[in-house]
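Here is what each chain is made of, one letter per residue.
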Amino acid sequence: MEMKYIQTTCPYCGTGCSFNLVVLDGKVSGVAPYQRSPVNEGKLCPKGTYAHEFVNSPERLTKPLIKKDGAFVEVSWDEALKVVAEKFKSYKPDECACLASARTSNEDNYAMMKFARGVLKTKHIDHCARLCHASTVAGLANIFGSGAMTNSIGDIADAKCVFIIGSNTFENHPLIGRRVMEAKANGAKIIYVDPRLTPTGKQADLYLQFYSGTDVCLLNGMMQLIIKNGWENKEFIQNRCNGYDDLKKEVMKDDYSLENVSIITGVPAEKIKTAAEWFAKSGATAILYSMGITQHTTGVDNVKSCGNIQMLTGNLGRPGTGVNALRGQNNVQGACDMGALPVVYTGYQKVIDETARKKFEDAWKFPDGIAKGENGYEVTTLMNVLSDKPGEIKCLYIMGENPMISDPDLNHVAHSMKNLDFLVVQDIFLNETAKLANVVLPAACYAEKNGTQTSTERRVQMWRKAQNPPGEAKGDWEIIASIAKAMGYGNQFAWSNSEDVFNEIASLTPSYAGMTYQRLAKPEALHWPCPSKDHPGTPILHGEKFGMPDGKGLMTGIPFKYQAERPDKDYPFLLTTGRSLWQWHTGTMTRRSKSLEREEPTGWIEINTEDAKNLDIKNGELVKAVSRRGEIKITARVTDNIKKGVMFIPFHYAECAANMLTINALDPIAKIPESKACAVKVEKIAEV
Ligand code: SF4
């Protein structure tokens, strides 16, 4: 028996832990620690520990499938490529749209972006960052000039105060939670703000149990207290920021008096005062946030408010500080960096900038040019267009995404997908979306290919091939290149390996320009921006100046607005959604991992003990949860850990999908849906 260890990067959350895949006789069979990674130092959470289990699942797709008379039939690659190429060629450019993937590599996403803009010549390309951190990209870019986590994971341990808002860090980014505990062990105060007392909250020194969606109100109230008490960092504001007067004018309004803020957020006034004081006076406060901040119709406002309070207190550009957006998926940062967005090419070079458009057109050398320099549809807008303007978009090519579970208001999504003329899904499993496809293309998973992914801290790390893909499955960029070749664009996709793709990315992307596979192979890899071959990378952004034209951060007064749908007499509870330690996103991979699935094999709805008593609902009882958009049957978990009036459902489970209930209300700038707040009612299921 031959055994080897192949070091790679975890395919689950955005932390970017490394481990060794244990390969026995050519088959991945286990995970073993890799001690040299500075991110996780050999430690793993349960998802990383069992990241081998889905790889050789008997449910992996092994052959291309074409739907004939309503049923999938296995076909050869030649037949599948011929059908896909002919159909793709039959549409006008903007009748096509592409969804790239936060789960696949940078090389795969770059290939999809080049395919969309160069082969299909469509402006419509997006991916699921739209659903999780689009507000981070838009919000932070607007105020700091860079839409990414400002600091690195390791320096969270240097914080003197950690303010966690809208992030269940210990369950969803456990190896970042470890750094929070290191900070606590070093004497830092931990403040936790969330409607649920999660395992993260249980480690906090101060817990603010607020109503979902009142983030701006709370942060404005804290800023009013900071200014009233003279705790703001006057030197930082003076030297490093613009817009202080605008910010001050808003936050000093009576609307944000301690009394008003306490009423609106549901947090006792004393706790808000203590939070403001600890935050401002610590000397180094780090904000950690995740989708509790971003998934709102005020997502961009929420993100900018986090930036406001950090600029007000001078907590940027140093270890232990920063606005730390914790990205949920392994490569959501990278997919954005690769331009799998409707407004930018790689490295956030704008498609509406003719110089940038020309640069890509010249480099790619498509004989018939590339897509026009116009912004395309976001995935959420795309679903609305499919639903409301049938025939405008006819063809959709999806790589490694599952909108039939991940997107808001699933009845709406199903209606939209029915209006497609041609759907191609490229995936490792026949997920809920793939079942609707005309053609399904079998892809290799992370363990079966070389490539790179970019973690939440902008660290670009390697995937390394540990086994061959099952059956006839292939790497994503290779499939994309094969389709391009079948459509007559072989020269533009003539890469022989993933390193060729990466070198092309680096040649066109200033923030990746200094990166090579050789440099990334080191355990610490590199953080972008890394603009030249001798640049050491940039673990902490904004050290001396921000990425704005004048180098200054932009403070802005942000008025508080309620969520799109508030509880009322018909739907009296506020529903919020989230994730579990044991499952990941739409469950495509974790639900095929027996060790993870065993722990939490189905979904649940958390109901406050008093609310449950009033509804006559008992713990473990099957109940009906209903919103204006749909209903599900789901098991009740009665607990004191959730705020009265608020309910919670994890969104991983198809059989009781939280997104049957959520609302398709969008942030006006980022077009992110308000998955964190809608109105529901819960009913007992009558016994028969
Ligand atoms: Fe993987 Fe995230 Fe767990 Fe690390 S913390 S092992 S990256 S799921």
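Placed above this text is the structure.
Here is what the cut-offs are and how they apply
Residues numbered from 1 in each chain as written. Predicted model: local features only at pLDDT ≥ 70, side-chain atom pairs only at ≥ 80, totals over all residues. Heavy atoms only, no water. Helix = DSSP H or I, 4+ residues; strand = E, 2+ residues; numbered from the N terminus. Rg over C-alpha atoms; globule rule 2.2 N^0.38 Å. Buried < 20%, exposed > 50% of the residue type's maximum accessible area, 1.4 Å probe, protein only. Contact = heavy atoms within 4.5 Å. Areas by Shrake-Rupley, 256 points an atom, 1.4 Å probe, with all protein chains shown as cover. Near = heavy atom within 4 Å. Nonpolar A, V, L, I, M, F, W, Y, C, P; charged D, E, K, R; others polar. Core = buried A, V, L, I, M, F, W, Y, C linked by side-chain atoms within 4.5 Å. Pairing = 2+ DSSP bridges. Axes fitted to C-alpha atoms, helices over the stretch in contact; angles between N-to-C directions.

## A look at the overall build of the protein
Reasoning step 1: Check the secondary structure of the protein and you find 25 helices and 26 strands.
Reasoning step 2: Taking 26 Å as the expected radius of gyration for a compact globule of 688 residues, we find that the protein reaches 24 Å, a close match to that expectation.
Reasoning step 3: For the protein, the C-alpha atoms occupy an extent of roughly 70 × 70 × 55 Å along the three principal directions.
Reasoning step 4: Each of the 688 residues in the protein was classed as buried or not, and the buried ones make up 65%.
Reasoning step 5: When contacts within the protein are restricted to residue pairs at least 6 apart in sequence, those whose partners lie at least 24 apart make up 74%.
Reasoning step 6: A total accessible area of about 23,500 Å² is found for the protein, and carbon and sulfur atoms account for 50% of it.

## A word on the site of the ligand
Reasoning step 1: The environment of the ligand is made up of C10, Y12, C13, T15, G16, C17, L44, C45, K47, G48, P174 and L175.
Reasoning step 2: Elements represented by at least two residues in the shell around the ligand include exactly helix 1 (46-49) and helix 7 (174-185).
Reasoning step 3: Tallied by class, the residues present in the shell around the ligand amount to eight nonpolar, three polar and one charged.

## Some points on the nonpolar core
Reasoning step 1: Residues F88, F115, Y397, Y446 and I483 are the most contacted members of the largest nonpolar core, which totals 87 residues.
Reasoning step 2: Tallying contributions element by element places helix 3 (residues 106-120) first for this core, with eight residues.

## Looking at the pairing of strand 14 (residues 395-399)
Reasoning step 1: Of all five residues making up strand 14, five are buried, and the element is well covered by its neighbours.
Reasoning step 2: Residue alternation in strand 14 divides its side chains into two sets, C395, Y397 and M399 and L396 and I398, and both sets are buried.
Reasoning step 3: As defined by bridge partners, strand 6 (residues 96-99) adjoins strand 14 across four bridges and the pair is classed as parallel. Counterpart to A97 in the pairing with strand 14 is L396.
Reasoning step 4: Bridge count between strand 14 and strand 15 (residues 422-427): five bridges; the pairing is parallel.

## Digging into unusual backbone geometry
Leaving glycine out, the prevailing phi sign among residues is negative, and the prevailing peptide bond configuration is trans.
Reasoning step 1: The step from W528 to P529 runs through a cis peptide bond, and the omega angle for that step is 0°.
Reasoning step 2: Examined against the element boundaries, P529 turns out to sit in the loop between strand 19 (526-527) and strand 20 (553-554).
Reasoning step 3: Residues other than glycine seldom take positive phi values, yet E41 does so here, at roughly 50°.
Reasoning step 4: The exposure class of E41 is partly exposed, given its relative accessible area of 31%.
Reasoning step 5: Backbone geometry at D409 places phi at a positive 55°, although glycine is not the residue there.
Reasoning step 6: Turning to its location among the elements, D409 is positioned in the loop between helix 19 (403-406) and helix 20 (410-418).

## Thoughts on the pairing of strand 8 (residues 161-165)
Reasoning step 1: With five of its five residues buried, strand 8 lies for the most part within the structure.
Reasoning step 2: Of the two faces of strand 8, the one carrying C161, F163 and I165 and the one carrying V162 and I164 are both buried.
Reasoning step 3: In the sheet, strand 8 pairs with strand 9 (residues 189-193) via five bridges, with the strands oriented parallel. Counted as the bridge partner of F163 is I191 from strand 9.
Reasoning step 4: Bridge count for strand 8 against strand 12 (residues 285-289) is five bridges, and the pairing is parallel. Bridging from a neighbouring strand, I164 pairs with L288 of strand 12.

## What to know about the environment of G587
Reasoning step 1: Considering the arrangement of structural elements, one finds G587 in the loop between strand 21 (573-578) and helix 24 (594-599).
Reasoning step 2: When the C-alpha atoms of G587 and Y653 are compared, they prove to be 6.8 Å apart, with 66 residues separating the residues in sequence.
Reasoning step 3: Contact partners of G587, with chain neighbours within four places excluded, come to R592 and H652.

## Structural notes on the sheet that holds strand 17 (residues 451-454)
Reasoning step 1: Here three strands make up an open sheet; going across it, the order is 17-18-19 and the pairing antiparallel. If you trace the sheet from one side to the other, it starts and ends with strand 17 and strand 19, each paired once.
Reasoning step 2: Sheet analysis places strand 18 (residues 459-463) next to strand 19, joined by two bridges and oriented antiparallel. Considered in strand 19, the bridge of V460 is made with L526.
Reasoning step 3: Helix 3 rests against strand 17 and strand 18 of the sheet, and its axis sits at about 90° to strand 17.

## Some points on helix 5 (residues 134-144)
Reasoning step 1: In terms of residue burial, helix 5 counts as a mostly covered element, since eight of its eleven residues are buried.
Reasoning step 2: Restricting attention to buried positions, one finds in helix 5 the residues A134, S135, T136, V137, G139, L140, I143 and F144.
Reasoning step 3: Once helix 5 ends, the next one or two residues include G145, with phi positive near 85°.

## Some remarks on the sheet that holds strand 23 (residues 622-626)
Reasoning step 1: With mixed pairing, six strands are arranged side by side around a closed barrel as 21-25-22-24-23-26. Taken pair by pair, the neighbouring strands of this sheet meet at an average axis angle of 45°, ignoring direction.
Reasoning step 2: Note: strand 21 against strand 26 (residues 678-684), three bridges, orientation antiparallel. Counted as the bridge partner of L575 is C678 from strand 26.

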